[in-house]
Amino acid sequence: MSDAPFKSEFLQTLKARGHINQITHSAELDELAAGGPITAYIGFDATAASLHVGHLFSIMTLRRLQQTGHKPIVLMGGGTTKVGDPTDKEGQRPLLTEEQIQSNIDSIKEVFSRFLTFGDGPTDAVMVNNAEWLDRFGYVQFLRDYGVHFTVNRMLAFDSVKLRLEREQPMTFLEFNYMLMQSVDFLELERRYGCILQMGGSDQWGNIVNGVELIRRVDQKPAFGLTTPLLSTASGQKMGKTVGGAVWLNADMRSPYDYWQFWRNTEDADVGRFLRLFTDLPAEEIARLETLQGAEINEAKKVLANEATTLLHGADEAAKAAAAAQAAFEQGGLSADLPTHEVAAADLHAGVALAALAVDAGLAASKGEARRLAQGGGLRINDKAESDGNRVVTAADVVDGVVKLGAGKKKIVLVKPV
RNA sequence: GGGGGAAUGUCCCGAGUGGCAAAGGGGGCGGACUGUAAAUCCGCUGCUGUAAUGGCUUCGUAGGUUCGAGUCCUACUUCCCCCA
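Q: Please clarify how the packing of aromatic side chains should be interpreted in this entry.
A: Each aromatic ring pair is summarised here by two numbers: the centre-to-centre distance and the angle between the ring planes. This model, assessed by the stated rule, comprises eleven aromatic pairs. Centroid distance Phe-44 to Phe-112: 4.9 Å. Interplanar angle 70°. Geometry classified as edge-to-face. Of this pair, Phe-44 sits in strand β2 (residues 39–44) while Phe-112 is found in helix α4 (residues 98–115), placing the two residues 68 residues apart along the sequence. The ring of Phe-224 is capped by Arg-216, whose NZ or CZ atom sits 5.3 Å from the centre of that ring.

Written out as structure tokens, the structure reads:
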């Protein structure tokens, strides 16, 4: 990659916003992108019912692509998921059934329409499932058509394979084939849609390069790869790993309120970078926010939370989440938009043990944990710390129609008798 | 085909002599300090129950020896290494 400034708006934008790690044949790609719309894709495997914040980086990259006048393809890995990407994993993952994969794909789809415009126009996004072609290959046909273009010597040299071997962790033949399948995907998309660029995380470099080479070799056509940097927080944590595990994008798996909180809790050192990556705010505005110091940087975090939540869940949800947060954290008050947990009014009249209620409301995984939490001073009823997990919560604790339960400083649930 | 080794708290790594839910670390959670930040310090980290002694379930799977098994024996499963 040369240091010369890019000509195409697409690459300029990606570079300025911090999306680029490596590019193959960057000058040539730049030339093409400057000359007119190009088509590019990113693949998403359907290993879970929702994508998470880690995927957001890729989604935003496609968004920038479309914003700068090009055509994005979202490739759903209906076929590849059946095999499992060995990249950077320590061991083989359990294989998913076809039904699981399909149901995952169905539930993932929705999210993309928030970030991309789909349709039939020249720069409208399209979604394709690689099961369409991968499922159809016969074994021998696949080997003859594509197997000839890959040498094992070369495959063994790729990091994804090499690491496994070095760590003495087994890699099945099944997984070993993943790389070929991904390469064939690229070739197929090139033939069907004239797709010339595959993008992905830096861990996908090996897989991507293979596809690039396959196209150049088999079809003698230009093809390119671009990877995004590995995303981690300033303190070295993997991005998107928090309290309950992954930060899911689907609203039913992580509420807009929690999503807003996730961004609000960004580390100071990450705010500028995340604003560039995960919002559409103009560079000048971000530069201004970045100059904020000390406690003022919280304002920048709110902007980040608002923008990011608006992109995913819409402005209304973002505003509600912001209002709820303001009420809870800045005014110590209540807001109907805080997470709410309903209990039967009769139960509350009879009295419920605090520990049990906390578990019920999702603040602790077990009564023992809730009790320990209380003992450590982390459980609050109506903002008053309660160290006894066996303390009985009754109707007398209801204030303004709810009992406000808090675990730690950041988790609040309104328990509402119904 | 032969020989040797490994599997531990279901988040990960990892110690473990026949006799305490099992050292330690990471991670996570909570507290203090702050700004809903980072760093630091302190506490917690199988389930259940208690004022407390407890009860139950955990060391690859299934059996066995034993008053008692993560630890010993047998078979099985998976993986690694060496020889062929």
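From this point, things continue past the structure.
Q: Just to check I follow, could you spell out the sheet that holds strand β9 (residues 340–343) for this structure?
A: Within a sheet, adjacent strands bond to each other through the backbone by hydrogen bonds, running parallel or antiparallel. Spatial strand order, β9-β15-β14-β11-β12: five strands in an open sheet with mixed pairing. Because the sheet does not close on itself, it has two edges, and the strands there are β9 and β12 (384–385). In the sheet, strand β11 (residues 379–381) pairs with β12 via two bridges, with the strands oriented antiparallel. Of the residues in β12, the one forming a bridge with Arg-380 is Ala-385.

Q: Could you clarify how one ought to interpret the side chain of His-19 in this entry?
A: When you line up the elements, His-19 lands in the loop between α1 (9–17) and β1 (22–23). At 3.0 Å, the side chain of His-19 forms a polar contact with the side chain of Thr-61. If we skip the residues at most four places from it in the chain, His-19 touches Leu-14, Phe-57, Met-60, Thr-61, Arg-64, Leu-226, Thr-227, Thr-228, Pro-229 and Leu-277.

Q: Teacher, can you tell me more about the nonpolar core here?
A: Most often, soluble globular proteins have nonpolar side chains that are buried together. Membership of the largest hydrophobic core comes to 62 residues, with the highest contact counts inside it found for Leu-197 and Trp-263. Formed by 31 residues, the second largest nonpolar core is a distinct cluster that contains Tyr-146, Met-181, Leu-214 and Ala-223.

Q: When you look at the packing of helix α13 (residues 271–278) against helix α14 (residues 283–290) in this model, what are you seeing that I'm missing?
A: What describes two packed helices is the angle between their axes and the distance between those same axes. Interhelical geometry of α13 versus α14 gives an angle of 160° and a closest axis separation of 9 Å. As far as their axial angle goes, α14 and α13 are roughly antiparallel. Where α13 crosses over α14, the two elements pack in a sense that is right-handed. Mapping the contact onto sequence places Gly-272, Leu-275 and Arg-276 in α13 and Ile-286, Leu-289 and Glu-290 in α14. Tallied by class, residues from the contact of α13 with α14 come to three nonpolar, one polar and two charged.

Q: Please clarify how a nonpolar patch on the surface should be interpreted in this entry.
A: On the surface, Tyr-139, Val-140, Leu-143 and Phe-173 cluster together into a nonpolar patch covering about 430 Å² of accessible area. When residues in the nonpolar patch are grouped by element, the largest group, three residues, is from helix α6 (residues 139–146). In this structure, Leu-143 sits in helix α6.

Q: Before we go on, may I ask you to explain the packing of α13 against helix α15 (residues 297–313) in this structure?
A: Two elements in contact, α13 and α15, have axes whose closest approach is 10 Å; the angle formed by their N-to-C orientations is 20°. Taken together, the axis directions place α13 and α15 in an arrangement best described as roughly parallel. Crossing angle aside, the handedness with which α13 passes α15 is left-handed. Counted together, Val-271, Phe-274, Leu-275 and Phe-278 of α13 and Ala-300, Lys-301, Val-303, Leu-304, Ala-308 and Leu-311 of α15 form the full contact between these two elements. Classifying every residue of the contact of α13 with α15 gives nine nonpolar, no polar and one charged.

Calculation criteria
- Residues numbered from 1 in each chain as written.
- Chains lettered and ligands numbered in written order.
- Predicted model: local features only at pLDDT ≥ 70, side-chain atom pairs only at ≥ 80, totals over all residues.
- Heavy atoms only, no water.
- Phe/Tyr/Trp six-rings, centres within 6.5 Å; stacked < 30°, edge-to-face > 60°.
- Helix = DSSP H or I, 4+ residues; strand = E, 2+ residues; numbered from the N terminus.
- Lys NZ or Arg CZ within 6 Å of the ring centre and 35° of its normal.
- Pairing = 2+ DSSP bridges.
- Polar contact = N/O pair within 3.5 Å; in protein donor to acceptor, adjacent residues only side chain to side chain.
- Contact = heavy atoms within 4.5 Å.
- Core = buried A, V, L, I, M, F, W, Y, C linked by side-chain atoms within 4.5 Å.
- Buried < 20%, exposed > 50% of the residue type's maximum accessible area, 1.4 Å probe, protein only.
- Axes fitted to C-alpha atoms, helices over the stretch in contact; angles between N-to-C directions.
- Parallel < 35°, antiparallel > 145°, perpendicular 65-115°, else oblique.
- Left-handed = near helix turned anticlockwise from the far one by under 90°.
- Nonpolar A, V, L, I, M, F, W, Y, C, P; charged D, E, K, R; others polar.
- Patch = residues over 30% accessible without salt bridge, like charges linked within 9 Å, V, L, I, M, F, W, Y side chains within 5 Å.
- Areas by Shrake-Rupley, 256 points an atom, 1.4 Å probe, with all protein chains shown as cover.
- Salt bridge = Lys/Arg side-chain N within 4 Å of Asp/Glu carboxyl O.

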